[in-house]
Amino acid sequence: MRWKYPEPVATILLLTDSPSASAEVLPALGLLAHQVRVLPVDPAVLVDAPNTDLLLIDGRKDLPGVRSFCRMLHATGAGSPVILILNEGGAVALQNDWGISDFVLDTISPAELDARIRLVTTATEPETNSTSEQKIGELVIDSNGYTAKLRSETLDLTYKEFELLRFLTQHPGRVFTRSQLLQEVWGYDYFGGTRTVDVHVRRLRAKLGPEYEALIGTVRNVGYRCDLPSSREQLQSI
């Protein structure tokens, strides 16, 4: 008998290196009506992956590799909650520095899996400050005034340099490809090449100066992200 799941369903990306169907990786998942897409456990597949409500990661076999993968996702920003699938032996090794939202055993019941998916995908977002100003140390970014000030001195930024800085700092830790930044900052009607992103990043770093140039981090072969001071300290400890 098929488990009846109350609408709406969640869009789930299951990352597994198992050649078997998703129902074998997590049998309870096959009894629910969620929309599931299966991809391998590889950071490269996430660059062009569709937006999802939840990432399910198969950690039943290569636990050290999955641990590193989860930490990388946490450091770069997964964009969706992450639930790790483990067997009982793997659960013993789980630590709170893996950066996941929750974990489930592969023997979980459909009712419990349903509840856990609902809890992590409907978690209340923390309230954000309604002010237009964002403060990062001595750097103040004013979205209403389209200005960025460092130690009360206004930085001489072009419109696109400011937009790039504002966009990245509004999504700290999340990695964006050059193509994504072109779409988000320059717009879909921009026909220039992705090199323009590199040029603007280089100019922006120079204007931020030695103390704040590291705010815009480079993820090799992928793109750029905003590394807040606390995020950089966390990455160094991994």
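Described below are features of the structure shown in this document. Because the structure is a prediction, the values reported are computed rather than measured.

Reading the values: rules and limits
- Residues numbered from 1 in each chain as written.
- Predicted model: local features only at pLDDT ≥ 70, side-chain atom pairs only at ≥ 80, totals over all residues.
- Heavy atoms only, no water.
- Helix = DSSP H or I, 4+ residues; strand = E, 2+ residues; numbered from the N terminus.
- Buried < 20%, exposed > 50% of the residue type's maximum accessible area, 1.4 Å probe, protein only.
- Arc of directions from axis to C-beta.
- Contact = heavy atoms within 4.5 Å.
- Core = buried A, V, L, I, M, F, W, Y, C linked by side-chain atoms within 4.5 Å.
- Salt bridge = Lys/Arg side-chain N within 4 Å of Asp/Glu carboxyl O.
- Axes fitted to C-alpha atoms, helices over the stretch in contact; angles between N-to-C directions.
- Parallel < 35°, antiparallel > 145°, perpendicular 65-115°, else oblique.
- Left-handed = near helix turned anticlockwise from the far one by under 90°.
- Nonpolar A, V, L, I, M, F, W, Y, C, P; charged D, E, K, R; others polar.
- Phe/Tyr/Trp six-rings, centres within 6.5 Å; stacked < 30°, edge-to-face > 60°.

Let us now look at unusual backbone geometry. The phi dihedral of Y146 is positive, around 50°, even though this residue is not glycine. Here Y146 is to be found in the loop between β7 (139-142) and β8 (147-150). Of note, the phi angle at N221 is positive, near 65°, even though the residue is not glycine. As for its placement among the helices and strands, N221 is situated in the loop between β11 (216-219) and β12 (223-226).

Once that is clear, we can look at helix α7 (residues 178-186). Buried within α7 we find L181, L182, V185 and W186. Looking down the long axis of α7, one finds its buried residues gathered within 105° of arc, a one-sided arrangement. Turning to α7, the residues buried within the fold contact α6 (159-169), β10 (176-177), α8 (195-208) and β12. Looking one or two residues beyond α7, the residue adopting positive phi is G187, at roughly 100°.

Our next topic: the nonpolar core. Counting residues in each nonpolar core, the largest one holds 26 residues, and the members touching the most others are L139, L165, L181 and L208. Of all the elements in the fold, those that place two or more residues in this core are β7, β8, α6, α7, α8 and β12. By residue number, the principal contributor to this core is α6, which donates five residues. Membership of the second largest hydrophobic core comes to 17 residues, among which are V25, A28, L56 and V104.

We now examine the pattern of salt bridges. Enumeration according to the criterion identifies ten salt bridges in this entry. A salt bridge links R178 to D198; the nearest nitrogen and oxygen atoms lie 2.7 Å apart. Residue R178 is located in helix α7, and its partner D198 is located in helix α8; the two are separated by 20 residues in the primary sequence. Taken together, the salt bridges that share partners define one network made up of D102, E112 and R116.

Looking now at the packing of α6 against α7. Two elements in contact, α6 and α7, have axes separated by 10 Å at closest approach and are oriented at 115°. The angle between α6 and α7 falls in the class roughly perpendicular. By crossing handedness, the relation of α6 to α7 is classed as right-handed. For the pair α6 and α7, contact is made by K160, E163, L164, F167 and L168 and by L181, E184, V185 and W186, respectively. Among the residues making up the contact of α6 with α7, the classes are represented as six nonpolar, no polar and three charged.

As a further point, take the packing of aromatic side chains. This model, assessed by the stated rule, comprises three aromatic pairs. Geometrically, the ring pair formed by Y146 and Y159 is stacked, given 5.8 Å between the ring centres and 25° between the ring planes. Residue Y146 is found in the loop between β7 and β8, and its partner Y159 is found in helix α6; the two are separated by 13 residues along the sequence. Arranged with centres 5.3 Å apart and planes meeting at 45°, the rings of Y146 and F162 form a pair that is tilted. Within this pair, whereas Y146 is found in the loop between β7 and β8, its partner F162 is found in helix α6, the two being separated by 16 residues in sequence. On the basis of relative accessibility, which here comes to 41%, the residue Y146 falls in the partly exposed class. A connected cluster of aromatic rings, assembled from ring pairs, spans Y146, Y159 and F162.

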